[in-house]
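# Structural overview for review
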Amino acid sequence: MKKIGVLTSGGDAPGMNAAIRAIVRSGISSGLEVYGIFDGYEGLVNNNIRRLERGDVSDIITQGGTTLGSARLEEFKLLEVRKKAVANLEKHGIEGLIVIGGDGSYRGAMALSEMGINCIGIPGTIDNDIASTDYTIGFDTALNTVILNVDKLRDTSSSHHRCSVVEVMGNRCGDLAIYAGITTGAEIIITKETGYDEAEVLERLRYFEEYKKKRHAIVIISEKITDTELLAQKISQHTDFSGRSTVLGHIQRGGSPTARDRILATEFGDKAVQCLIAGESSRCLGLVDGQIISIDIKEALAMPKKSRRPFFELHDRLV
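So, how was this worked out
Residues numbered from 1 in each chain as written. Predicted model: local features only at pLDDT ≥ 70, side-chain atom pairs only at ≥ 80, totals over all residues. Heavy atoms only, no water. Helix = DSSP H or I, 4+ residues; strand = E, 2+ residues; numbered from the N terminus. Rg over C-alpha atoms; globule rule 2.2 N^0.38 Å. Buried < 20%, exposed > 50% of the residue type's maximum accessible area, 1.4 Å probe, protein only. Contact = heavy atoms within 4.5 Å. Core = buried A, V, L, I, M, F, W, Y, C linked by side-chain atoms within 4.5 Å. Domains from an automatic or database assignment. Buried area = accessible area lost by both parts, 1.4 Å probe. Salt bridge = Lys/Arg side-chain N within 4 Å of Asp/Glu carboxyl O. Nonpolar A, V, L, I, M, F, W, Y, C, P; charged D, E, K, R; others polar. Pairing = 2+ DSSP bridges. Axes fitted to C-alpha atoms, helices over the stretch in contact; angles between N-to-C directions. Disulfide = S-S within 2.5 Å. Expected span 1.5 Å × (residues − 1). UniProt positions renumbered as here; feature names shortened; annotations may be inferred. 1 Å grid on protein atoms, 1.4 Å probe; cavity = no way out; pocket = protein on both sides within 12 Å on 5 of 7 lines; lining within 4 Å.

Right, let's talk about the overall build of the protein for a bit. Broken down by element type, the protein carries eleven helices and eleven strands. Here the C-alpha radius of gyration of the protein, 22 Å, is about what a compact globule of 319 residues would show, namely 20 Å. The proportion of buried residues among the 319 residues of the protein is 53%. Pairs at least 24 residues apart make up 77% of the contacts formed inside the protein by residues separated by at least 6 positions.

Core analysis: the biggest nonpolar cluster contains 52 residues, and I23 and I122 have the highest contact counts within it. In terms of domain composition, this core takes at least three residues from each of domain 1 (3-138 + 257-303) and domain 2 (139-254). Formed by 26 residues, the second largest nonpolar core is a distinct cluster that contains V99, A109, I297 and A300.

Moving on to the domain arrangement of the protein. Segmenting the protein into domains produces domain 1 (3-138 + 257-303) and domain 2 (139-254). The C-alpha-based centres of domain 1 and domain 2 are spaced at 34 Å. Summed over both partners, the interface of domain 1 with domain 2 buries about 1,300 Å², with 48% contributed by carbon and sulfur atoms. Counting across the interface, domain 1 meets domain 2 through two salt bridges. Residues of the side of domain 1 that touches domain 2, tallied by class, amount to five nonpolar, six polar and seven charged.

Read from one edge of the open sheet, four strands run β7-β8-β6-β9, paired in parallel fashion. Each edge of the sheet is formed by a strand with only one pairing partner; in this case those strands are β7 (188-190) and β9 (242-247). On average, each strand axis in the sheet is inclined to that of its neighbour by 15 degrees, with strand direction left out of account. Here three bridges tie β7 to strand β8 (residues 217-222), and the two strands are oriented parallel to one another.

All right, on to the state of the cysteines then. Two cysteines, two sulfur atoms, one covalent bond between them: this is a disulfide. All chains considered together, the criterion is met by zero disulfides. The thiol of C275 is unpaired, and the distance to the nearest cysteine sulfur, on C284, comes to 10 Å.

Here we take up the pattern of salt bridges. Under the counting rule described, the total for this entry stands at 14 salt bridges. The salt bridge partner of E33 is R51, with a shortest N-O separation of 3.5 Å. Taken together, the residues span a long stretch of sequence, with E33 in strand β2 (residues 33-37) and R51 in strand β3 (residues 49-52) at a distance of 18 residues. Note on E33: relative accessible area 23%, which makes it partly exposed. With its nearest N and O atoms 3.9 Å apart, the salt bridge here joins D134 to K306. Placement of the pair is D134 in the loop between β5 (118-123) and α5 (139-160) and K306 in the loop between α10 (297-302) and α11 (309-318), with a sequence separation of 172 residues. Counted as one network, the salt bridges with shared partners bring together K3, E33, R51 and E53.

Its 14 residues place the ends of helix α1 (residues 16-29) 20 Å apart at the C-alpha level, agreeing with the 20 Å of an ideal helix rising 1.5 Å per residue. When you tally the buried positions in α1, you get ten out of 14 residues, the bulk of the element. In this structure, the buried side of α1 is in contact with β1 (3-8), β2, β3, β4 (96-101), β5 and α9 (259-277). Of the residues one or two after α1, G31 is the one with positive phi, at around 85 degrees.

Now for the UniProt feature "binding site: ATP" (unreviewed entry) in the protein. UniProt marks G11, R72, L73, G102, D103, G104 and S105 with the feature "binding site: ATP" (unreviewed entry), using the numbering shown here. Spanning 95 residues, the named residues form one tight spatial group whose C-alpha atoms are at most 13.6 Å apart. Within the annotated group just given, the residues that line the largest pocket are G11, R72, L73, G102, D103, G104 and S105. Along the chain, R72 falls in the loop between β3 and α3 (79-92). Once residues within four sequence positions are removed from consideration, R72 is found in contact with G10, G11 and R253. Checked against the element boundaries, L73 lands in the loop between β3 and α3. L73 gets classed as partly exposed once you look at its relative accessible area, which sits at 22%. When neighbours within four sequence positions are excluded, L73 is seen to be in contact with Y41, E42, V45 and V81.

See the structure below:
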C-alpha cells in the first residue's frame, strides 16, 4: 500500500483534528502518501481530495471541529453513488481509507470495503454511542463543557431557590447526561434508559424540598425526551422551586479538545494507519479496558448498547 485517505463524517467532535494529524504524520513516517478528503462522503463523491503534507496538520491538535470538514450524505446508500466514490479513490491511486465518525460513517466504510477499498473506522462522536468502544473521540471534551456550564447554573440556582432543567445532547445514548449528573451532583437525571414520568419528577423535587431541605436543584435530561421549557414551567407551578430551562445545544460540540481526547485520538490515528499497512479492512478501532483494539465493523454495529444501570444506582445512593 502506497496511498491512503482520511475523511471525517457525520457530526464533528473535538479531537478529530488530533486524529487527522496522527494519521498524516504516522502515514508519512511509514512511507505512505496521505490524502485528505474534504466534506466527508460528499467530498469523496465530488472528488474533493488533496494530498496532505506534515505542515498541513501543524497546530491542528489544539483545535476543535475538523479541518477536513464534514457532511451527511444519505445518497451514499445507493450503489451508483458509491461507485463514483470508488472511481475517485482509484483515480488518485488510494488503496486504503480511514473514516472518522459514528455508526453511520461505519456503515459507509463497510460498504466501501465490500467494493474493494480497505477501510478502517475510528469512533468520533460526542455522544459516546458506539458500543464497541468504552470511549469515543470528543466525549470527554463535550462532557467537560457540560460540567462547566452546569456548575455555573448551580451557582445562580442556589442564590434564587431555583431548579435548573438542563438539556444535553445524546438522544440515543444518555452517557453525557449520566456522567454529567454524577460529576455535578445533579438531583435528577433523565435519559431514555431511565424513562420519563413527569409526575414522578415533580414528586421527587417536592421530596427534596420538604425532607432534604434543598434550596436549589439540578435536573439533567437528554435531548428529545420532553419539552424542557414546559417541564420548567410545571416545576414552577407544582413545587416551591422556580423552574428555569437551559438547552446547551451545539456548544457541546465545540472547543479545544481535552488532553484525554487528544491522546485517544492520536492513538487511534496511528493504530488505523498500522491496520491498513497490515492489510486489514472493514475493521473499526475501540478502547476496551485500556487497550486499543480493532474489530469487524459488522460485529461492532451489532453489539448491544452498554447498560449504565450501575451509574444510575450510584447516583441514587449519593443524591
